[in-house]
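Residue-level structural notes
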Amino acid sequence: MQLKDRIAQGLESGWKVTDGATLTENRTLEADVVVIGTGAGGGTTAEILAKSGLSVILVEEGRLYYQKDFKMDELSAYASLYQEGMSRVTKDGAIAVLQGRCVGGSTTVNWTSSFRTPDATLNYWAERFGLDALAPDAMAPWFDGREQRHNMEPWAVKPNVNNDILRQGCDQLGYSWQVIPRNVKGCWNLGYCGVGCPTNAKQGALLTTVPGALDNDAHLIHGLRADKLVMNQDRIDHLQASAMAADGITPSGITVTLKARHFVAAASAIGTPGLLLRSDIPDPHNRIGKRSFIHPVNACVAEMPEKVEPFYGAPQSIYSDHFNFSGGVDGPVGYKLEVPPLHPAMSSGVIPGHGDTQINTMARLPWMNSVIALLRDGFHPDSPGGTIGLRDDGSPYLDYPVTDYLWDGLRRAFHTMAEIQFAAGAKRVRLMHLDSDWYTTLADAKAAIDQLPMELHRVRLFTAHQMGGCGMGANPEESVVNGFGEHHHVGNLSVHDASIFPTSIGANPQLSVYALSARNSTRLANRLKT
Amino acid sequence: MNDQSEVRSTSSDCANLDRRSFLKTGLGGAIFLGTVSATAGLSGCSSTPAGRVSAVGTRMDASYEFRFLTADDIQLFEALLPAIVGPGLPEQPQARRIAIAGTIERIDAGIHNFGPANQKELRRLFDLLNFGLTRVTIARVWSSWPKVTTEEADAFLERWRTSGIGLFNNGYIALTKISNVAFYGYEDFWHLSGYPGPPQWAVDALPQFQNA
């Protein structure tokens, strides 16, 4: 049991942590490196650089929340820990975007699934983007290292019923399934990963790399929004940042100027392209913000004969890659199958409906299972991804068109999910689609899936994995950074987050971000020390 | 578009706006939504948060300070919530009013955390629904919201749910999602989803729940 709180102890011991809301006058600070973002990429980078003896300032737009704040309550957690209070959507409103906004970034609220980048993905990157140095053998030691750092191991405890239904359905149908590796230490198997781990079991950036950086004299400023990287000739001179008031939303009017030799953007695949676009970073081939990928997600719910209690237990422990690469790496879009946890607020927001229909559905929550499909976007010419742009106020938006190629995959995924749920004994199945009824037989469900319109808004779509937008590649004409995350045109700028992925991953991306950031930060530390 | 004669404006919905400026614009487009909001704002329609609503009528707790919802928005949700979450509301009239008022407060608190971009989108949507002419022509709701019955509110929601126009589907999702989450997600109504709450043994064992 992990009852000693690492953050509370660190703050007592004199960590350099500044809450932007407490600043009363404009300030200028200086360090060797400024790291923007404290998630999987920023935390890893800050720890490695600080341990190498470099002075580091960590900038986080969200606020510092830790065990004392994690009370297993959906409404308060969604309001404080997620981007736009969990209301973030794509530009046309059709895809809900789940993304963290707090110290630790999305690793503070993710469901702990920890996958290596699939070999097929790395090989595709080598072939298509000239990223031979990221071949599976070369990356293996970095995955090993990060798996140790974050305590990632296949979940040894029995899966909860929600996950076991995916296993049973796959078994019945002869589909392959595996146990999910999770980044936890002494997990209580409660089921509240998504609202901030209440027991300090989750080994996300918040409890590993961020404390590691702070132990090595890094300075964390949270509640501070990175507005603009300001260039002086061909180098970045400083970062201009705005302090946020204590509500975490309203700028207080106080600005902070951060000077450094080197700048690392790790503000997420929406935040980093947004920052670079606001900063007018040289972009001769107009690549910043292009090729954004999201693992588009669709979902089915099922009513099971036995109680599922999908709100309890490790939220993700079983997955199936049976359909992920079965059509080849660049054939018809593949999808990974997983299970989401279902708590009342999340469920009532995800399942579309109102009135009697909604309450009758919600009343069956204890018997409900859900399966989700995560589409592996970006591996085919008909899946070019979305675009990050800027609103009038400078905030970034994600415009993500859903192509026919993806609709085909979403329809196939609906078929597969319904098959699995009925094979596992579902009494009835409902698609997350505005027109879907409950279907009591597989035949009815399949007929509906073939006939229902696959259209924006009608099909409920989600993303919890934002990737791309500052893609890496050997050719500067089609990428933003090189294979080490170094900007092609600005010598003292690196990108260490999921925005450098040239396609989606085909798996939950946190370990991919940790490993690439560790590799690229190790190189950066050597570079900056000589 | 031919239903102008049916407009029954109330004093609060700024019916004096130039109707032609609306009708010149294509119905159902995002540009149109923008126009409603901009015009409403320019004409001094209430776009200011309701602040502390006095403890009269349906609202019991005047200590809550509204930061986003206007007085018109509150009436809109008082009309819509019985259709969205009505079957879960208590039957006893006073308890029912309190439950609706509390849900509207949580909707407001939630929207405050949405930040400026999504607040702007919701402002457009709420203005469209509150402004008499667009309420009638776009939402096809003939009465002002305080006079709308639960059946009429449900019919409106069904029209937007089943509409072939994505923008209306999006509006349906926005209205029902924020309402459902603020209602079913709140502790007092967890029982409606058979959710017992966080395991008591864990609550008892964890330091953050002690000496609250």
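About the cut-offs
- Residues numbered from 1 in each chain as written.
- Chains lettered and ligands numbered in written order.
- Predicted model: local features only at pLDDT ≥ 70, side-chain atom pairs only at ≥ 80, totals over all residues.
- Helix = DSSP H or I, 4+ residues; strand = E, 2+ residues; numbered from the N terminus.
- Buried ≥ 20, exposed ≤ 12 C-beta atoms within 10 Å, placed from the backbone.
- Rg over C-alpha atoms; globule rule 2.2 N^0.38 Å.
- Contact = placed C-beta atoms within 7 Å.
- Nonpolar A, V, L, I, M, F, W, Y, C, P; charged D, E, K, R; others polar.
- Domains from an automatic or database assignment.
- Arc of directions from axis to C-beta.
- Core = buried A, V, L, I, M, F, W, Y, C linked by C-beta atoms within 7 Å.
- Pairing = 2+ DSSP bridges.
- Right-handed = clockwise from strand over helix to strand, strands pointing away.
- Axes fitted to C-alpha atoms, helices over the stretch in contact; angles between N-to-C directions.
- Parallel < 35°, antiparallel > 145°, perpendicular 65-115°, else oblique.
- Left-handed = near helix turned anticlockwise from the far one by under 90°.

Another point: the overall build of chain B. Across its full length, chain B holds nine helices and two strands. Traced from its N-terminal end to its C-terminal end, chain B shows the element sequence α-α-β-β-α-α-α-α-α-α-α. Out of the 212 residues belonging to chain B, those deemed buried represent 43%.

This part is about the overall build of chain A. A tally of regular secondary structure across chain A gives 13 helices and 23 strands. Relative to the compact-globule value of 24 Å for 530 residues, chain A shows a C-alpha radius of gyration of 22 Å, a close match. Considered along the principal axes of its C-alpha atoms, chain A spans approximately 65 × 50 × 45 Å. Considering chain A as a whole, with its 530 residues, one finds that 63% of them fall into the buried category. For chain A, the proportion of contacts with a sequence separation of at least 24, taken over those separated by at least 6, is 76%.

Right, let's talk about the interface of chain B and chain A for a bit. Each side of the interface is counted separately: chain B has 39 residues, and chain A has 44 residues. Only α3 (71-84), α4 (93-114), α5 (116-130), α7 (150-162) and α8 (166-184) of chain B provide two or more residues apiece to the side of chain B that touches chain A. Counting residues per element, the side of chain B that touches chain A draws most heavily on α8(B), at nine residues. When its residues are assigned to classes, the side of chain B that touches chain A shows 20 nonpolar, 15 polar and four charged.

Here the focus is the domain arrangement of chain A. One frequent convention defines the size of an interface as the accessible area lost when the parts assemble. Residues and elements named next belong to chain A. Once the domains are mapped, chain A shows domain 1 (6-88 + 100-112 + 115-149 + 190-292 + 469-529) and domain 2 (161-182 + 297-376 + 403-455). Computed over C-alpha atoms only, the centres of domain 1 and domain 2 are separated by 32 Å. Counting residues at the interface gives 14 residues for domain 1 and 17 residues for domain 2. Examining the composition of the side of domain 1 that touches domain 2, we find that three residues originate from one element, helix α3 (residues 74-81), more than from any other. Residue composition of the side of domain 1 that touches domain 2, by class: eight nonpolar, five polar and one charged.

Attention now goes to helix α10 (residues 355-363) of chain A. Along α10(A), the residues that are buried comprise Gly355(A), Gln358(A), Ile359(A), Thr361(A) and Met362(A). Take α10(A) and look down its axis: the buried residues cluster within an arc of 160 degrees, on one side only. Across α10(A) from its buried face, at more than 90 degrees, point the exposed residues Asp356(A) and Asn360(A). Buried-residue contacts for α10(A) involve α9 (344-350) of chain A together with α3, α7 and α8 of chain B.

Glancing now at the nonpolar core. Residues and elements named next belong to chain A. If you look at the biggest cluster of nonpolar residues, it comprises 221 residues, and the most contacted ones within it are Val 34, Val 35, Ile 36, Val 56, Val 59, Ala 265 and Cys 300. When we break this core down by domain, the ones giving at least three residues each are domain 1 (6-88 + 100-112 + 115-149 + 190-292 + 469-529) and domain 2 (161-182 + 297-376 + 403-455). Contact partners of Val 34, with chain neighbours within four places excluded, come to Ile 57, Val 59, Leu 239, Leu 258, Ala 260 and Phe 263.

Take unusual backbone geometry next. All names here are of chain A. One non-glycine residue, Asn 151, adopts positive backbone phi at about 55 degrees. In this structure, Asn 151 sits in the loop between α5 (136-149) and β5 (152-154). Its identity is not glycine, yet Ser 268 carries a phi of approximately 90 degrees, on the positive side. Along the chain, Ser 268 turns up in helix α8 (residues 268-278). By C-beta crowding, Ser 268 is classed as buried, having 31 other C-beta atoms within 10 Å.

What follows covers the pairing of strand β2 (residues 27-36) of chain A. Residues and elements named next belong to chain A. Of the strand pairs in this sheet, β2 and strand β11 (residues 251-265) are connected by nine bridges, and their pairing is parallel. Within the sheet, the bridge partner assigned to Val 34 lies in β11 and is Phe 263. Following the backbone out of β2, through helix α2 (residues 40-51) and into the adjacent parallel strand β3 (residues 56-60), one traces a crossover that is right-handed.

Let us look at the environment of Gly186(A). Within the secondary structure layout, Gly186(A) lies in the loop between β7 (181-183) and α7 (209-215). Judged by local crowding, Gly186(A) falls into the exposed class, with 12 C-beta atoms found within 10 Å.

Moving on: the pairing of β11(A). All names here are of chain A. By the bridge criterion, six bridges tie strand β10 (residues 235-244) to β11 in an arrangement that is antiparallel. Bridge pairing in β11 places His 238 opposite Lys 259. The turn joining β10 and β11, which pair antiparallel and follow one another in sequence, is formed by six residues; a positive phi near 80 degrees is taken by Gly 248. Pairing of β11 with strand β23 (residues 493-495), which is carried by three bridges, proceeds in the parallel orientation. Bridge pairing in β23 places Val 264 opposite Ser 494.

A few words on the environment of Ala448(A). Residues and elements named next belong to chain A. Here Ala 448 lies in helix α12 (residues 442-451). Along the chain, Ala 448 and Gly 485 lie 37 residues apart, while their C-alpha atoms are 45 Å from each other. Once residues lying within four places of it in the same chain are set aside, the contact partners of Ala 448 are Ser 436 and Tyr 439.

The next point concerns the packing of α3(B) against α4(B). All names here are of chain B. At a closest axis distance of 10 Å, the pairing of α3 and α4 adopts a crossing angle of 125 degrees. With respect to α4, the axis of α3 lies oblique. α4 is crossed by α3, and the crossing has right-handed handedness. Residues Ile 74, Phe 77, Glu 78 and Leu 81 of α3 lie in contact with α4, whose contacting residues are Ile 100, Thr 103, Ile 104 and Ile 107. In terms of residue class, the contact of α3 with α4 is made up of six nonpolar, one polar and one charged.

Inspection of the secondary structure puts Ile249(A) in the loop between β10 and β11. Spatially, the C-alpha atoms of Ile249(A) and Ile48(A) are 30 Å apart, while their sequence positions differ by 201 residues. Contacts of Ile249(A), omitting those with residues within four sequence positions, involve Met244(A), Asn113(B) and Gly115(B).

Residues and elements named next belong to chain A. Between α5 and helix α13 (residues 510-529), the shortest axis-to-axis distance is 9 Å and the interhelical angle comes to 110 degrees. Viewed along their axes, α5 and α13 adopt a mutual orientation that is roughly perpendicular. Seen from above, α5 lies across α13 with right-handed handedness. Facing α5, whose interface residues are Met 139, Trp 142, Phe 143, Gly 145 and Arg 146, α13 presents Leu 511, Tyr 514, Ala 515, Ala 518 and Arg 519. Grouping the amino acids of the contact of α5 with α13 by side-chain chemistry returns seven nonpolar, one polar and two charged.

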